[in-house]
Amino acid sequence: MAGIEGGRVLITGASGGIGAEVAKRMAERGARLALSGRRAERLAAVATEIESHAGTRPEALTADLGKPGEAARLAAAAEDALGGVDVLINNAGANLQGLTWIAGDGGEAREVFETNFWSPMALVAAVTPPMLERGSGTIVNVGSMIHVSPFPHLGHTAASKAALAAATQVLRLELGRRGVAVVEIALGPVDTATSRENRALAGADRWLDGRPGLGRVEGAAAAIVAAAERGADGIAFYPHVLRWVHRLPGLGRRYARRMAADADIADRSVRLGGSAGNAELRALREDWDSSARNRVSSPG
């Protein structure tokens, strides 16, 4: 769709970080919003903040997209609340720290794939048929360059993002000429709660802080909103310089090999990230949340 004013937009992972910032920017542009997240109280706080600035309260739809069936339930709830979905932004993500051959196909590994791949695909399956009937719509899948430049202990996260990238490419081939724009947002490391979690891994500081350095939540959100607003069809990068790593993936793999030398492959722990995950990682996430709130309340 050209522009998003008055458009019906469903945003997952909207209770904080990049998703909340995307929601605020969408509201400023006059979109009608349905916001989804696991934490009902945080989701309500985002909705209240948006209402205070934009004058219209978004629909807050709590969902745990790490559980099978939740995405279909969310899609139905968004349809009821908005009367349809013109723009779907699959932003929710999960992170798993664990040696790939230790995490295997355990419950934590499956939850990461449910959140990062199967739930986005379920939401796409739900919203696409009405979009095709109307001859318009936009699907934005928020991915990561981690599958091009990965790090030890993050194999499942990287693999789930690789699966999402491949599926998004095929969706473009299937839908692009039928009025439905499909966009992948390929993010580099961004200063979020997840990047703070990953600093628990030996060597990850150098991997995260290496070139081009950590991006900002605001910049990532701006890239997502711009892609949705233009109805772009293809891949958008943040930071933009990463387009060269995508075109020349050998650069990313060489960087990954160099950074991997600092990893602790004797660490056999498996830690699920997120607000309901491992206690150590949850503490790091809460520390990031607290710092982010302080930055907002004290902008000077």
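Now for a quick tour of the structure. Counting restarts for each chain, with residues numbered from 1 along the sequence as it is written. pLDDT decides what is reported in this predicted model: residues at 70 or higher carry local features, side-chain atom pairs at 80 or more are listed and counted, and totals for whole chains, interfaces and linings draw on all residues regardless. Side-chain measures here rest on the full set of heavy atoms in the structure, leaving out hydrogens and waters.

**Details of helix α6 (residues 155–175)**
Helical periodicity: at 3.6 residues per turn, an α-helix aligns residues three or four positions apart in one direction.
No. 1: Between its terminal C-alpha atoms α6 stretches 30 Å, which fits the 30 Å expected from 21 residues at 1.5 Å a residue.
No. 2: Only protein chains enter the accessibility calculation, which uses a 1.4 Å probe; a residue whose area is less than 20% of its type maximum is buried, one above 50% is exposed, and one in between is partly exposed. Only DSSP runs of H or I covering at least 4 residues are called helices, and only runs of E covering at least 2 are called strands; the numbering of each starts at the N terminus. Along α6, the residues that are buried comprise His156, Thr157, Ala158, Ser160, Lys161, Leu164, Ala165, Ala167, Thr168, Leu171, Arg172 and Leu175.
No. 3: Contact definition: two residues touch when any of their heavy atoms are within 4.5 Å. If you follow the buried residues of α6, they end up packed against β5 (96–97), α4 (100–103), α5 (107–134), β6 (137–144), β7 (180–187) and β8 (234–238). Here the expected length of a helix is defined as 1.5 Å per residue gap, with one fewer gap than residues.

**Details of unusual backbone geometry**
No. 1: Omega for the bond connecting Arg211 with Pro212 falls within 30 degrees of zero, at 5°, which places this linkage in the cis form.
No. 2: Among the secondary structure elements, Pro212 is positioned in the loop between α8 (204–209) and α9 (217–230).
No. 3: The omega torsion of the bond from Tyr238 to Pro239 falls at -10°, within 30 degrees of zero and hence cis.
No. 4: Structurally, the position occupied by Pro239 is in the loop between β8 and α10 (243–247).
No. 5: The phi angle at His153 is positive, at roughly 80°, despite the residue not being glycine.
No. 6: Secondary-structure assignment places His153 in the loop between β6 and α6.

**Quick notes on the environment of Arg25**
No. 1: For Arg25, the location among the structural elements is in helix α1 (residues 17–28).
No. 2: On a C-alpha basis, the gap between Arg25 and Ala226 in space is 9.9 Å, while along the polypeptide they are 201 residues apart.
No. 3: Apart from the residues within four sequence positions on either side, Arg25 is in contact with Glu218, Ala221, Ala222 and Val225.
No. 4: A distance of 2.9 Å separates a polar atom in the side chain of Arg25 from a polar atom in the side chain of Glu21. Identification of polar contacts relies on pairs of N or O atoms within 3.5 Å, with a donor-acceptor requirement for protein atoms, meaning one able to donate a hydrogen and the other able to accept it, and with residues adjacent in sequence counted only if both atoms are side-chain atoms.

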